[in-house]
Amino acid sequence: MPLFREREIAARLVTRLDRIDYPRELLEICLVVEADDDVTRAALDAVDLSPHMRPIVVPEGTLKTKPRALNYALDFCRGTLIGIYDAEDAPAPDQITRIVERFHSRGPELACVQAVLDFYNSRSNWIARCFAVEYAAWFRVILPGVARLGLVTPLGGTSLFFRRTVLEELGGWDAHNVTEDADLGIRLARHGYRTEFIGSVTAEEANCRIWPWVKQRSRWLKGYMVTWLVHMRRPVRLFRQLGAWRFLGVQLLFLGTISQFLLAPLLWLFWLVPFGYAHPFAPALGPAELVPLVSVFLTSEAISLAVGLYAVRGPEHRHLAPWVLTMQFYFPLATLAAYRGLWELVTCPFYWDKTEHGLYDGAAEEAPAVSQSDDTGSPREDTAPADSARVVPVPSRAAL
């Protein structure tokens, strides 16, 4: 668990981790702190840590990122399964038990299991509500669908678990990538390993202040840009390793996400057409081209609305349904973040813009105590790729 400047949350974090229902003799919790982070180290010194918890101090270096800290701490971990949590996480108590059962039942080709992420402060304000809608759609609809289609899965940065042997084979995390999770998801697929999703829920704190939200999202989008550029250095090799279907999926998920936000201002102009105004590009396009484009734009907006409403249909998220209609005013913030991320890609590509935690996490004490619900009131069947039994040939390490 990498920590950085977590004065407000350290004590609550240890309390939440103590709720994990797993044999203590088989569980090791490593609290990873930077050598110069006196704030977090002092906060941990003031807490009575359980015997299975211990701090690991990362030496100072010119680079200070989460993946660098993870790489350093990996050498000190004793487990055969390695899990990642963030400082504000409140995982379901039975989550690790279910994760371990999944690994043992699927075989060695299963390298990673990702849990569902949710927010415990989704009622804080409008941004928190919209963020919760976005997360519900992403982790409960889109990512499980991507996995079932057999496409490359971009991982979340927390509540994901790996086989240690696979992490070591791949060389750990890319210390220079600010979305090390997305990069590792592609590398797992390139080496023929599988990622599966499980219905267990980890509650997080939604970043619900406008400028901190923009900074967090710009880091994520900058990481997507770096990830796409790195893996597309040799597109022919990537195509051969992934195959046509998954190669196309990488372009849609990464390049599509980046271009969606960068080109959004051009798309917003299509809203003029239904209200009787001419599109600025109408003279250049002509009716034959403009009408299909408007139709595609409106269809995509309708699909996005439908996915959002479907994702929040359950009792725990039903209060978010009216706010799905306001997502049109929420996503422009991501466009601002995309342009900020593009600027940082040029000026400071490895800079990690820290997200402050502990401001809205009082509701975490009411986080779900069980993880078997899919938010519809009925037991959730854990999601896995439809072709989960298929083993993809693993290229040699030298291939990358």
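Just so you know, these numbers come straight off a predicted model, no measurement behind them.

Asker: What should I look at first to understand a positive patch on the surface in this one?
Answerer: On the surface, R233, R234, R237 and R240 cluster together to form a positively charged patch. Residue placement: R240 occurs in helix 9 (residues 235-262). Classification of R240 by relative accessible area gives exposed; the value is 69%.

Asker: Sorry if this is basic, but what is going on with unusual backbone geometry here?
Answerer: The general pattern is negative phi for most residues beyond glycine and trans for most peptide bonds. Its identity as a non-glycine residue notwithstanding, R5 has a phi of 55°, on the positive side. Structurally, R5 can be placed in the segment before helix 1 (10-17). Look at R5 and you get exposed, because its relative accessible area is 58%. Unusually for a residue other than glycine, S159 sits at a positive phi of about 55°. Turning to its location among the elements, S159 is positioned in the loop between helix 5 (126-148) and strand 6 (160-163).

Asker: Is there a simple way to explain the pattern of salt bridges in this structure?
Answerer: A side chain of one charge can pair with a side chain of the opposite charge when the charged atoms of the two come close. Tallying each qualifying case throughout the model produces 16 salt bridges. The partner of E34 in a salt bridge is R68, and the shortest N-O contact between them spans 3.9 Å. Within this pair, whereas E34 is found in strand 1 (residues 29-34), its partner R68 is found in helix 3 (residues 66-74), the two being separated by 34 residues in sequence. Assessed through its relative accessible area of 6%, E34 is described here as buried. Salt bridges sharing common partners tie together R102, R106, R194 and E196.

Asker: I keep staring at the environment of K66 and nothing clicks. Help me out?
Answerer: Counting through the fold element by element, K66 comes out in helix 3. Put simply, K66 and N177 are 111 residues apart on the chain and 9.1 Å apart in space, counted from C-alpha to C-alpha. Leave out the neighbours within four places in its chain, and K66 touches P2, I84, D86, G157, E180 and W352. A polar side-chain atom of K66 sits 2.7 Å from the main-chain carbonyl oxygen of G157.

Asker: Would you mind showing me how to read the nonpolar core here?
Answerer: One broad trend across soluble globular proteins is that nonpolar side chains are buried collectively. By size, the foremost hydrophobic cluster in this structure holds 52 residues, and its most contacted members are F131, W213, F254 and Y330. Sorting elements by how many residues they give to this core places helix 5 first, with 13 residues. Setting aside anything within four residues of it in sequence, one finds F131 in contact with F119, A206, N207, W213, Q216, R217, W220 and Y330. Core analysis: the second largest hydrophobic core is formed by 28 residues, L3, L13, Y22 and Y85 among them.

Asker: Hey, could you run me through the side chain of D183 in this one?
Answerer: Note on placement: D183 falls in helix 7 (residues 180-190). Note on D183: relative accessible area 2%, which makes it buried. Within the local environment of D183, its side chain forms a polar contact with the side chain of H231, the two groups lying 2.8 Å apart. If sequence neighbours within four positions are ignored, D183 has contacts with D174, N177, T227 and H231.

Asker: Got a minute to help me understand helix 4 (residues 95-106) in this structure?
Answerer: For the α-helix, the turn length of 3.6 residues means that residues three or four positions removed from each other point alike. Over its twelve residues, helix 4 runs 17 Å from end to end, which matches the ideal 16 Å to within 8%, given 1.5 Å per residue. Residues Q95, I96, R98, I99, V100, R102 and F103 constitute the buried set of helix 4. Looking at the packing, one finds that the buried side of helix 4 touches strand 3 (81-84), strand 4 (90-91), strand 5 (110-119), strand 6 and strand 7 (194-204). G107 sits one or two positions beyond helix 4 and adopts a positive phi of about 100°.

The rules behind these values
Residues numbered from 1 in each chain as written. Predicted model: local features only at pLDDT ≥ 70, side-chain atom pairs only at ≥ 80, totals over all residues. Heavy atoms only, no water. Patch = residues over 30% accessible without salt bridge, like charges linked within 9 Å, V, L, I, M, F, W, Y side chains within 5 Å. Areas by Shrake-Rupley, 256 points an atom, 1.4 Å probe, with all protein chains shown as cover. Salt bridge = Lys/Arg side-chain N within 4 Å of Asp/Glu carboxyl O. Lys, Arg positive; Asp, Glu negative; His and termini not counted. Charge placed at Lys NZ, Arg CZ, Asp CG, Glu CD. Helix = DSSP H or I, 4+ residues; strand = E, 2+ residues; numbered from the N terminus. Buried < 20%, exposed > 50% of the residue type's maximum accessible area, 1.4 Å probe, protein only. Contact = heavy atoms within 4.5 Å. Polar contact = N/O pair within 3.5 Å; in protein donor to acceptor, adjacent residues only side chain to side chain. Core = buried A, V, L, I, M, F, W, Y, C linked by side-chain atoms within 4.5 Å. Expected span 1.5 Å × (residues − 1).

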